[in-house]
Each structure stands twice: as structure tokens, then as C-alpha cells.
Amino acid sequence: MADVPQNAGYMVAAYIVTAVILLGYAVSLGRRSRNL
Amino acid sequence: MAELLRQAWAVARKDLVLELRTRTALVSAVVFTALVLTLFNFGRDPTAVPTLDLAPTVLWVTFTFAAMLTLNRAFQLELENQALEGLLVSPLSRTSLYWGKLIANLAFVAVVDAVGLPLFVLFFNVSVSRVLLPLVGVIALATLGFVAVGTLFSALVIRTRFAELLLLVILLPFLLPPLIGAVQVTARLLAGRPLSESVGYLKLLAAYDIVFVSLASFLFRFTVDE
Amino acid sequence: MSLVRRGRWITLVALVLLAGVYVRALAFTPIERLQGPAQKIFYLHVPAAIWTEAAMILVGLAGIFFLFLGDPRLDRFAEASAEVGTVFATIVLTTGPIWGKPIWGTWWTWDARLTSTLFLFFLYLGYLLVRGAVRDPGLRARYAAVLGICGMCLVPFIHLSVYLFRTLHPQPIILKPSGPSLPDSMLVTWLFSLLAFTLLYVGFVTQRYAVSLARDARETAAAEHG
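Residues numbered from 1 in each chain as written. Chains lettered and ligands numbered in written order. Predicted model: local features only at pLDDT ≥ 70, side-chain atom pairs only at ≥ 80, totals over all residues.

This paragraph deals with the overall build of chain B. Scanning chain B for helices and strands turns up eight helices and zero strands. When the elements of chain B are put in sequence order from the N terminus, they spell out α-α-α-α-α-α-α-α. For 226 residues, the compact-globule estimate of 2.2 N^0.38 gives 17 Å, and the C-alpha radius of gyration of chain B, at 18 Å, lies within 12% of that figure. If you line up chain B on its principal axes, its C-alpha atoms span 60 × 35 × 30 Å. (Helix = DSSP H or I, 4+ residues; strand = E, 2+ residues; numbered from the N terminus. Rg over C-alpha atoms; globule rule 2.2 N^0.38 Å.)

The next subject is the environment of P102(C). Considering the arrangement of structural elements, one finds P102(C) in helix α3 (residues 72-104). Taking the C-alpha atoms as reference points, P102(C) and Q35(C), separated by 67 residues in sequence, lie 8.4 Å from one another. Discounting residues that sit within four places of it in the chain, P102(C) has contacts with P5(A), N7(A), Y10(A) and A38(C). (Contact = placed C-beta atoms within 7 Å.)

What follows deals with the interface of chain A and chain C. If you look at the interface, chain A gives 21 residues, while chain C gives 31 residues. Split by residue class, the side of chain A that touches chain C holds 15 nonpolar, five polar and one charged. (Nonpolar A, V, L, I, M, F, W, Y, C, P; charged D, E, K, R; others polar.)

A few words on the nonpolar core. Formed by 142 residues in total, the largest nonpolar core has its most connected members in V149(B), V59(C), A78(C), F88(C), V130(C), V146(C) and L147(C). When sequence neighbours within four positions are dropped, the list of residues in contact with V146(C) reads L156(B), L219(B), F222(B) and T223(B). (Core = buried A, V, L, I, M, F, W, Y, C linked by C-beta atoms within 7 Å. Buried ≥ 20, exposed ≤ 12 C-beta atoms within 10 Å, placed from the backbone.)

A few words now on α3(C). All names here are of chain C. With 33 residues, α3 extends 46 Å from end C-alpha to end C-alpha; this agrees with the ideal 48 Å at 1.5 Å per step. Counting buried residues in α3 gives 25 out of 33 residues, a clear majority hidden from the surface. G105 lies just past α3 and shows a positive phi near 80°. (Expected span 1.5 Å × (residues − 1).)

Our next topic: the interface of chain B and chain C. Chain B puts 23 residues into the contact, and the matching count from chain C is 25 residues. Of all the secondary structure elements, the ones that give two or more residues to the side of chain B that touches chain C are α6 (132-157), α7 (163-190) and α8 (199-224) of chain B. Among the elements that line the side of chain B that touches chain C, the one with the most residues is α7(B), at ten residues. Broken down by class, the residue content of the side of chain B that touches chain C amounts to 18 nonpolar, four polar and one charged.

Confidence along chain B averages 85 in pLDDT terms, with 93% of residues attaining 70 or more. Ranking the helices and strands of chain B by mean pLDDT puts α8(B) first, with 94, and helix α4 (residues 83-89) of chain B last, with 71. (pLDDT = per-residue confidence, 0-100.)

The next thing to look at is the packing of helix α1 (residues 3-27) of chain C against helix α6 (residues 184-225) of chain C. Residue and element names in this part refer to chain C. Here α1 crosses α6 at 155°, and the two axes come no closer than 8 Å. As judged from the angle between their axes, α1 and α6 are roughly antiparallel. Between α1 and α6 lies a crossing of left-handed hand. (Axes fitted to C-alpha atoms, helices over the stretch in contact; angles between N-to-C directions. Parallel < 35°, antiparallel > 145°, perpendicular 65-115°, else oblique. Left-handed = near helix turned anticlockwise from the far one by under 90°.)

For any two helices packed against each other, the geometry comes down to the angle between their axes and how far apart the axes lie. Residues and elements named next belong to chain C. The geometry of helix α2 (residues 42-69) relative to α6 is characterised by a closest axis approach of 9 Å and an angle of 40° between their N-to-C directions. In terms of axis orientation, α2 runs oblique to α6. Here the hand of the crossing between α2 and α6 comes out right-handed. For the pair α2 and α6, contact is made by Y43, L44, P47, A48, I50, W51 and A55 and by T189, W190, S193, L194, F197 and Y201, respectively. Class assignment of the residues belonging to the contact of α2 with α6 gives a composition of eleven nonpolar, two polar and no charged.

The structure is reproduced here in C-alpha cells:
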């Protein structure tokens, strides 16, 4: 039975990138909507 | 309907006569085509890559860029002397204005392609005689599609900065489906495959043309009305 | 509650839900045997892709209604949806290669979802560029609506051309993210993620809409007193 591939690093990277993009946009929107 | 065609032809004829007198856009496009084909030829190692692999892509990249050159002039010349306002104030319907521009653009692109195709055959040493008719058909189908969208978009960008660049950027996604179809069918034709293998792509091209020519023709009035 | 506060609350709830999805996906969902942990990127990648496309369709629909009804609220909504769609497209286009590298050995593959999202990204870019390039609000709204409608109509052609390309050019066996069928535990995680992304879309669009509303109010006030 083959080993499960050890690629958790990629998983972590993708999850971090997504979080950065979403949080970054949320913060940007938050700032833009505060100075209305 | 007859009135529409008459008006459209009036617009097209004006553009064609203007262009025939100055010939600037046509000459630029033709020279550009020759240049690009020459460049592609020197950019590759003829012993490494079989010509037939790259040939369809080269052909279509060249045709597309040349078409872009002609599209850019579609409304630019109306900006001078406020010719566009003059056109709009006239009893010309918006739709016939669009069709006139479309016909003129297609005529220009046809001339450029008519020069480009023999050059392509010459430089790349491909045989098209057996498949000339279907090849011309594919060229016509694909070109109609993206020139129809391009004519509409060229009206969108006239008053913006970097209009030519903006036109290319917004047009790009709309070029991809017809180009994918065009390149694939061209490749199959040049490789001597039966036309039946390209049916899916041909349907794609036909559907694209029907949808976008109607859509562009309909939406045009929103781009020029105040 | 004002629009901004409502938007902020929805976004907050969405982010909390997303955090829960993170925990569930990373710690409490089984690892897929063939692909390993990297398969879990699927839980973020696919919902983002779904909303990238949905947002474009909504931009198009808003455009249609705007052209016929003239209600500026529709234009503001379209603007908001386009920006949020671009953000989601970025997520798809970054997580896609990160997923692709360990699974297919290459950063980019022309697989159906990535290619379609790339086209959509270009569409969004063009749309936002046109909005930025046209100063007059009325003109801007109309031009954007025209482009948005064309973009929406392009979506089926994107899928068709990608589908044709892939079926007529057999790819090496692609590991599907779910294998023969998605086990319940994975399905639940995926559904929660879809819900989170849906709420994120709503929250983001609401806030972005409020920003546009304020900007429009400022522009009108300036025009009146200017």
C-alpha cells in the first residue's frame, strides 16, 4: 500500500495565502468604509 | 431592413473611401503582418520544430494583431473635427452606424488577411491549396466574431486615455474562444484531417458569431447615446 | 442598522465561519489517500471558483437591468460584485498552482477550472479598467453595463472552448479531488466552506456598495455646488 504523499507544506501555504487575501481585502474595505 | 442596409452601406462606404485615399491603416497592417511572419520565421529553428505545429498559432496571432490595428482606427478618425457628433445628429440609426463600421472593419481585415495568407504560405512553406476553401471559411467565421465585439468596444474606449491599450485589454478574453476554435480547426485542416473532426469547434465559432454579432449590434446604441 | 455596519457584521460572521472551516478542514477532515494533505486546498479553491463565476454573472445581470431601468443602485452593485469577484479570482489563481505543483508536478496546467478562472480574471480586469478610465458617471455606468453583459455572455463560450480543447486533447489522468464520490465528512466541510464564501461575498459586496454609494453622493454634491 503506497504511502500518502507528504505535501502538507503546500496545503499550509494555500491556506495561508487565502487567509491573507481575504483578511487583507476585509481590512481594506473596513478602512475605505470608515472614511465615508 | 432595407433602410438599415442602405444606411450601413453609406457609413461603410465613407470609411472605405477615406481609407482608400490615405491607406495608412491598411499599409501599416500589411507591413506589420509581413514583419511578424518574418520574425516568427527567424525566431525558430526550422530543424527542431515541425513547421506544422506552430504554423496555425503564428497565423492567428498575426491575423489578430493586424485586426487590432484596424479596429483602433474605427472610431479614432471620428474624433477629429467632431465627426462623431455629426454622425449622431444625422438621421442615421445607431444600429446602422454599427453595421457600417462593422462592414468597413471586416473589409479592412479581409484585405490584410488576403495579403497575409499568401505570405504565410510562402514563408512557412505550407500547402493550403487543397484546403483553401474551408480555410478561408474558418478565417471568415472567426474574424467576424472578434471584429464584431471589437467594433463595439472601440466605441467604448474612444474618449479614454490609452484607448488602444485599453481596447486590447478588454477585448482579450473575447478573443480567446474564437481563436481557440480557429487555431484548432486551422491546425487540423493543414494536417489534412477531415473536416468532420473539427465540427465541435466550427459549431463553437458559429454560435459565437450569432450570439456576439447580435449582442454587439444591439448594445451599440448604449455606447453612443448621451 | 446602516449599510456599512450590516456589511461589517456579515463579513465578521463569514470570517468566523471560515475560521471554523479552516479548523475542520485541517484537523477534522480525513486526508485523501491518493493526493495527500494538499487535496484539502480543494475546500477553499472550489467555493472561491464558484463565486468568481457567480459574481461575473451577477455583474452581467445587473448590467442588463441597469440599461433598461437606469437605476444607479444596479450600477453600484455591479461595481461591487466585480471587485469582489476579482478578489475571489485571485484566490483561485493562487491556490490552483499551489495545489497543482504537488499533484501534477507543474505550477500551471490548462485545466478547465483554472483556465476559465484566468479568462474571468481578465474580464474583471478589463471591466474595472474601463470603470476607472471613464470620468463621467452616467457614461461610466452605461459602458460598464455593456461590458458586463458581454462578459456574462462570454462565460458559456469559455466553458465550451475549454471543454472542446480538453475532450479532443486527452489529458493525462487527472486526480479528481473527490475520487469516486465525496465521503460525507469531506462533503460537509466543503458545504460549510461554500457557505462561508457565500457570506463573504454578501458581506464584501455590501460594504463595497456602501463605499460606492458614498462616493456617488460626494460626486453629486460636488457637481451641484461646483
